[in-house]
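# Observations on the three-dimensional arrangement
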Amino acid sequence: MDQLSETAVNAVAELARDARVTVHNIAPPLIAGLPSSVPVIIDPKSGCAKSVKSLVEEWRETPDRKRGTAKVHTLESFIDLVDRHKTQDSVIFADIDWQKPSLTAIIDYHQKGSDGEADNGKHRIHYPFPLSEEWKEWVRFNGQPMKQGEFAEFIEDRIAELATPHEQEVADWQDKLGGKVAYPNEIVMLSRGLKVNAETKVANHVTLSSGEAQITFEEEHRDQNGQKLVVPSLFIIKLPPFFRGEAVRVPVRLRYRVQAGSLIWFYQLYRPDVYITEEVELSLQRAAAATELPSFQGIPEMSA
């Protein structure tokens, strides 16, 4: 018990004596987590015991222990703050969920070993990886069906993130995923063609052996005369997954289907989790080395 707490208890005891009640220190059973003695007030009329803790806590000027979660915005701040508060029992957890990755240091973690003392796990430092706005936008619409005009506008809004595939990249991805890898200008031409034909009906579509597809639009005032757009099966985007981070190149599968004479479009990012997981693992290694703390991939067993 610190000096302030002892003073407060003594003050309560003095008041109790004046009120003709008595304060006693009782010794609870030897149970982990309990103090060796507990002060209680004995009611002279009923003989019942009442804890003085609530009375003492009213006079507290500082917390009894460190608790709460600090949220930092950079890995450097995470490392510095963990280093400031760490104890010999502190640990770092990494949540590698690619949609909401984070690092969390638990300062007051359980002691090591089966006979180690348990702790509260309430003092934490949390670093949610700052995903870039560009990345979040591509993830938000990943696999989501879009009408023809909506998809065309989406592509035009994201032109800056379309990347020219490297020669080796074209060969590798075509061999791995099949189909034709598109260049940015082909995707742009496709999106503009879709905007022009947003109100027309789809007459037919044919998948070619090269992996390309041709869409034939039937304009009502021209009967069976329409125009054809070549649809690639894959394109590349280049963007940083994390705010102010390094840009990565991500292959994107392009898909569509015909519903009631209209086109429904959607795209699929190829293994977006890989880029996030690699960065989280590297950051975890860096934080663990800098703070000299054990690290784990997962979520702690106790809540904050």
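These numbers come from a predicted model, not from an experiment.

Each value, and the rule that gives it
- Note on numbering: residues in each chain are counted from 1, in written sequence order.
- Reporting in this predicted model follows two pLDDT cut-offs: at least 70 for local features of residues, and 80 or more for side-chain atom pairs to be given and counted; totals over whole chains, interfaces and linings ignore these cut-offs and use all residues.
- To get the side-chain values, take all heavy atoms of the structure and skip hydrogens and water.
- Strands are treated as partners if at least two bridges between them are detected by DSSP.
- Secondary structure follows DSSP: runs of H or I at least 4 residues long count as helices, runs of E at least 2 residues long count as strands, and numbering of each begins at the N terminus.
- Only heavy atoms matter for contacts: two residues are in contact if any of them lie within 4.5 Å across the pair.
- Note on geometry: axes are lines fitted to C-alpha atoms, helical ones only across the stretch in contact, with angles between N-to-C directions running from 0 to 180 degrees.
- The rule for a salt bridge is simple: a side-chain nitrogen of Lys or Arg has to be within 4 Å of a carboxyl oxygen of Asp or Glu.
- We call a residue buried when its accessible area falls under 20% of the maximum for its residue type, exposed when it is over 50%, and partly exposed in between, using a 1.4 Å probe and counting protein chains only.

## Overview of the sheet that holds strand 14 (residues 248-259)
Reading across from one edge, 8-15-14-13-9 is the order of the 5 strands in this open sheet, with antiparallel pairing throughout. At either end of the open sheet lies a strand with only one pairing partner, and these are strand 8 (146-147) and strand 9 (162-163). With 2 bridges connecting them, strand 9 and strand 13 (residues 234-239) associate as antiparallel partners. Following the sheet pairing, A163 is matched in strand 13 by I236. Packing against the sheet, helix 4 (residues 133-140) makes contact with strand 13, strand 14 and strand 15 (262-269), and its axis sits at approximately 150 degrees to strand 13.

## Points about the pattern of salt bridges
Counted by the stated rule, this structure contains 14 salt bridges. Among the ionic pairs, E76 bridges to R286, the shortest N-O distance being 3.0 Å. Here R286 lies in helix 8 (residues 272-291) and E76 lies in helix 3 (residues 75-85), a separation of 210 residues in the sequence. For R286, a relative accessible area of 43% gives the class partly exposed. Residues joined in a network through salt bridges with shared partners are K53, E57 and R60.

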